[in-house]
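Results of the structural survey
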Amino acid sequence: MNDKTATPPSADIRPLADRYRRFMLRRVFWLAALSGALAVSFLADVATGPAALPISTILAGLMDRDTLDLAQSVILWDVRLPYAAMAIAVGAALGLAGAEVQTVLNNPLASPFTLGVLAAATLGAAVAIVFDLNLFGVGRNYTISGAAFLFAVASILVVQALSKTYGAGADTVVLFGIAMVFALNALVALIQFMADSDSLQQVVFWTMGSLARATWDKIAIVVAVFSVCLPLSMRQVWKMTALRGGEDQAKSFGIAVDRLRLVTLLRVSLLAAVAVAFVGTIGFIGLVGPHIARLALGEDHRFFLPGSALAGALVLSLASIASKSIVPGLILPVGIVTALVGIPLFMALVLTQRRRP
Amino acid sequence: MTDGLSLQRVTVRYRDKTALQGLSVPDIPPGTLVAIIGPNAAGKSTLLRAIAGLHPAEGLVALDSVPLTGPVRDRNPQTLGYLPQSLPQGSRLVAYEAVLSACRAIRSDFSRRQAEQAIDAVFDVLALTDLALRRLDELSGGQRQLVGLAQVLVRKPPLLLLDEPTSALDLHWQLNVLETVREIVRRDRAICLAAMHDINLALRFADLVVVLEGGRALAAGPPGDVMSADLLRQAYGVLGRIEHCSKGLPIVLSDRALRPDV
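Residues numbered from 1 in each chain as written. Chains lettered and ligands numbered in written order. Predicted model: local features only at pLDDT ≥ 70, side-chain atom pairs only at ≥ 80, totals over all residues. Heavy atoms only, no water.

**Quick notes on the overall build of chain B**
When its secondary structure is counted, chain B shows eight helices and 12 strands. In terms of overall dimensions, chain B is globule-like: its C-alpha atoms have a radius of gyration of 19 Å, near the 18 Å expected for 262 residues. Relative to its 262 residues, chain B shows a buried fraction of 55%. Across chain B, the fraction of contacts at a sequence separation of at least 24, relative to all contacts at a separation of at least 6, is 64%. Here chain B displays about 11,300 Å² of accessible surface, and carbon together with sulfur accounts for 48% of that area. (Helix = DSSP H or I, 4+ residues; strand = E, 2+ residues; numbered from the N terminus. Rg over C-alpha atoms; globule rule 2.2 N^0.38 Å. Buried < 20%, exposed > 50% of the residue type's maximum accessible area, 1.4 Å probe, protein only. Contact = heavy atoms within 4.5 Å. Areas by Shrake-Rupley, 256 points an atom, 1.4 Å probe, with all protein chains shown as cover.)

**Description of the overall build of chain A**
Broken down by element type, chain A carries 14 helices and zero strands. Taken from the N to the C terminus, the helices and strands of chain A come in the order α-α-α-α-α-α-α-α-α-α-α-α-α-α. Relative to its length of 357 residues, chain A is compact, with a C-alpha radius of gyration of 22 Å against a globular reference of 21 Å. Dimensions of chain A, computed from the C-alpha atoms along their principal axes, are close to 80 × 55 × 40 Å. Within chain A, buried positions represent 52% of all 357 residues. A fraction of 76% describes how many contacts in chain A between residues 6 or more apart in sequence connect residues 24 or more apart. The average position of the 26 basic charges and that of the 19 acidic charges among the side chains of chain A differ by 9 Å. (Lys, Arg positive; Asp, Glu negative; His and termini not counted. Charge placed at Lys NZ, Arg CZ, Asp CG, Glu CD.)

**Side note on the interface of chain B and chain A**
Across the contact, 53 residues belong to chain B and 41 residues belong to chain A. For the chain B and chain A pair, buried surface summed over both sides reaches about 4,100 Å², with 55% attributable to carbon and sulfur atoms. Considering only the side of chain B, the residues that lose the most area to chain A are R92(B), D120(B) and L133(B), jointly responsible for 16% of the buried surface there. For the interface between chain B and chain A, the tally reads three salt bridges. As a salt-bridge pair, E97(B) and R27(A) come within 2.2 Å of each other at their nearest N and O atoms. Linking chain B with chain A are 11 residue pairs in polar contact (both at pLDDT 80 or more). Those elements that place two or more of their residues in the side of chain B that touches chain A are β6 (80-83), α2 (95-104), α3 (112-125), α4 (141-153) and α5 (171-188) of chain B. (Buried area = accessible area lost by both parts, 1.4 Å probe. Salt bridge = Lys/Arg side-chain N within 4 Å of Asp/Glu carboxyl O. Polar contact = N/O pair within 3.5 Å; in protein donor to acceptor, adjacent residues only side chain to side chain.)

**So, the pairing of strand β4 (residues 58-63) of chain B**
Residue and element names in this part refer to chain B. With five bridges connecting them, strand β1 (residues 5-14) and β4 associate as antiparallel partners. Each bridged residue has a counterpart across the sheet, and for S6 the counterpart in β4 is A62. Across two bridges, β4 lies against strand β5 (residues 66-67) in antiparallel orientation. Directly across from L63, in β5, lies its bridge partner V66. Counted along the chain from β4 to the antiparallel partner β5, the turn is two residues long, and its residue D64 has a positive phi close to 50 degrees. (Pairing = 2+ DSSP bridges.)

**Quick look at the packing of aromatic side chains**
All told, the structure shown has four aromatic pairs over all chains when counted by the stated rule. Judged by centre distance (4.4 Å) and plane angle (25 degrees), the ring pair of Y20(A) and Y96(B) falls under stacked. Of this pair, Y20(A) sits in helix α1 (residues 15-47) while Y96(B) sits in helix α2, which puts the two residues in different chains. Across the pair, Y96(B) and Y20(A) agree in class, each one buried. Here a set of aromatic residues connected by ring pairs shows up, and it is made of Y20(A), F23(A), Y96(B) and F123(B). Taking NZ or CZ as reference, K324(A) lies 4.9 Å from the ring centre of Y83(A), over its face. (Phe/Tyr/Trp six-rings, centres within 6.5 Å; stacked < 30°, edge-to-face > 60°. Lys NZ or Arg CZ within 6 Å of the ring centre and 35° of its normal.)

**As for the confidence of the model for chain B**
Residue and element names in this part refer to chain B. Averaged over all residues, the pLDDT of chain B is 88; the fraction at 70 or higher stands at 95%. Within chain B, the element-level pLDDT minimum falls on β5, averaging 85, and the maximum on strand β8 (residues 191-195), averaging 96. Predicted complex, confidence summary: ipTM 0.88, pTM 0.88. (pLDDT = per-residue confidence, 0-100.)

**Here's the deal with the pairing of strand β3 (residues 32-37) of chain B**
Taken residue by residue, a regular strand's side chains alternate between the two faces of the sheet. Residues and elements named next belong to chain B. Burial runs high along β3: six of the six residues are buried. Bridge count for β3 against strand β9 (residues 208-213) is four bridges, and the pairing is parallel. By the bridge assignment for β9, A35 is matched with V209.

**Digging into the sheet that holds β6(B)**
Residue and element names in this part refer to chain B. Strand order in the open sheet formed by six strands is β6-β7-β8-β3-β9-β10, with mixed pairing between adjacent strands. Strand pairing shows two members of the sheet lacking a second neighbour, β6 and β10 (216-221), which therefore form its edges. Within the sheet, the average angular offset between the axes of one strand and its neighbour, ignoring direction, is 15 degrees. Seen against the sheet, α4 touches β6 and β7 (159-163) and runs at an angle of roughly 175 degrees to β6. Its contacts with the sheet place α5 against β3, β7 and β8, and it is angled at close to 135 degrees to β3. (Axes fitted to C-alpha atoms, helices over the stretch in contact; angles between N-to-C directions.)

**A short note on the side chain of H291(A)**
Following the sequence through the fold, H291(A) ends up in helix α12 (residues 285-297). One polar contact links the side chain of H291(A) to the main-chain carbonyl oxygen of L287(A), over a distance of 2.9 Å.

**Examining the packing of α1(A) against helix α2 (residues 55-63) of chain A**
Residues and elements named next belong to chain A. Look at α1 against α2: their axes get within 10 Å of each other, and the N-to-C directions meet at 105 degrees. As the angle between them shows, α1 and α2 are arranged roughly perpendicular. Between α1 and α2, the contacting residues are L43, V46 and A47 on the first element and I55, I58, L59 and L62 on the second. A class-by-class count of the residues in the contact of α1 with α2 yields seven nonpolar, no polar and no charged. (Parallel < 35°, antiparallel > 145°, perpendicular 65-115°, else oblique. Nonpolar A, V, L, I, M, F, W, Y, C, P; charged D, E, K, R; others polar.)

**Some remarks on the pattern of salt bridges**
In total, this model carries 22 salt bridges over all chains according to the counting rule given. Note that K251(A) and E247(A) form a salt bridge whose closest N and O atoms lie 3.7 Å from each other. Remark: E247(A) and K251(A) occur in helix α10 (residues 247-252); sequence separation between them is four residues, near one turn of the helix. What makes E247(A) partly exposed here is its relative accessible area of 26%. It is possible to trace a salt-bridge network through shared partners that takes in D18(A), R21(A), R112(B) and E116(B).

**A closer look at unusual backbone geometry**
Leaving glycine aside, a negative phi is the common case for residues, and trans is the common case for peptide bonds. All names here are of chain B. Of note in this structure, R9 is not a glycine but carries a positive phi near 50 degrees. Position of R9 relative to the elements: it lies in strand β1. You will see that R189, though not glycine, has its phi angle at about 55 degrees, which is positive. Within the secondary structure, R189 is located in the loop between α5 and β8. The class for R189 is exposed, based on a relative accessible area of 53%.

Shown next, in the form of structure tokens:
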């Protein structure tokens, strides 16, 4: 093409492609390392708690429940395992959702909650608690989760409808999301103002975010939604990667960016809604998870998306351990821990990145 | 059926402003490198964005008689490649991934092997091989511009839309990039529209020069015919002369800028 006399690359010798494949191995290694760390953290989470259970007893009990006495069996299978598994399921869902929302809104400070999903879920829960709803005879706990989920989905549909009408540019969607957050928070405050002191206490506790509400059927629902969303996300990895190279250029490749954005936001909102419906306000996972993944794995979404899910799961799992260890004998709501640990971690990440030339 | 690019009565409106006002140019045949020149805010970038489908336009924009206006998703993704004026700075993709994603974004485009071969070739031409595994946020503006150009060239589109492709490049790479683009245009019978600020570079490399001013085409034609002292004054408000170098190429010598009221 130009006047260089270098021999053109032969079809069979592709040194650049080979170099890139070796480079990718590093990323595979990081994914494996994150998975390994997650497995260790899960075991540590299960081993941590007020009741002293030796790790050998736990491992034996995981293999065969009959080796445990009744108290140990209840502690391990009905308290600690659901708690630890919920941390991983919710962390993965929020990590994946955060990664996708940051890409399609082209904003590393966006999180699933930028769109008002969390505020809507809180409003739903507050309505169910304060008006003492018990719908469809499913019990009060599930009514609260159900109301939180329904309100979250409704808020998503409102943002989607507004975006379809007024344009789905990244800035417009963020603007609608922020408007939703303020409006919904005002409604939550109104309901709290009207509530009696008992209900108020419950609403406040719900907003703290806690894994203590975990049960196996709730975990199954979060895992099911995640399992449906992840493959759908992975089908879009090239489009999302291309989007990181510039929106206008991505459009000129033939990618319908606005449509990609709306479909992705729908998926993100579902993931976030189902996660917060069961555990309440757990902040920062959707923000910190993708940041960690981005540092370790870059932004090739083949690695970035699963990496964000793993990093989100790892951070929440570590927070779960911390929530049981900070005050001996007391389990703090994990939402408080993620916020307290999340803020310094997040600031450190942002500042380290800023300092780079 | 017309071969090539047709632009007739192209009008683009922003909310309170008409950026292109019924712009028409003679049909552009395949194998042509077109330089779009003109002062700031003449409508150069708007024209490229309208053809790329990034902004709605009225009038006729068609390649080989197939209209290009309409939603992006309805268009054959192989039709065109667009290089914007500025590329995002904060991306943590490495250069290789940025170009690979351009190949794989629409699934049917390339097999893995085809993509690897095409990337090897384009990185070789643009001397990007040593930068292939560097992150975009570590590259200079000029290097990022080359990566952006690689994203366009690797897809081998029949229509290339380059918005100031040499604005961040040093002299060596300005010449190298335009030579490369001209060669590809001739070899593949492609059409390239390049918005340019450097008039002499445009006159030297283009087969056809279109001069825009105030959203209209003031003149269009071969570089040797189109430029005149009158046109310089009219389009740019510049007092200047057109000389010819020993190779016969026109060169614009600008003497001074006229005051706006002259």
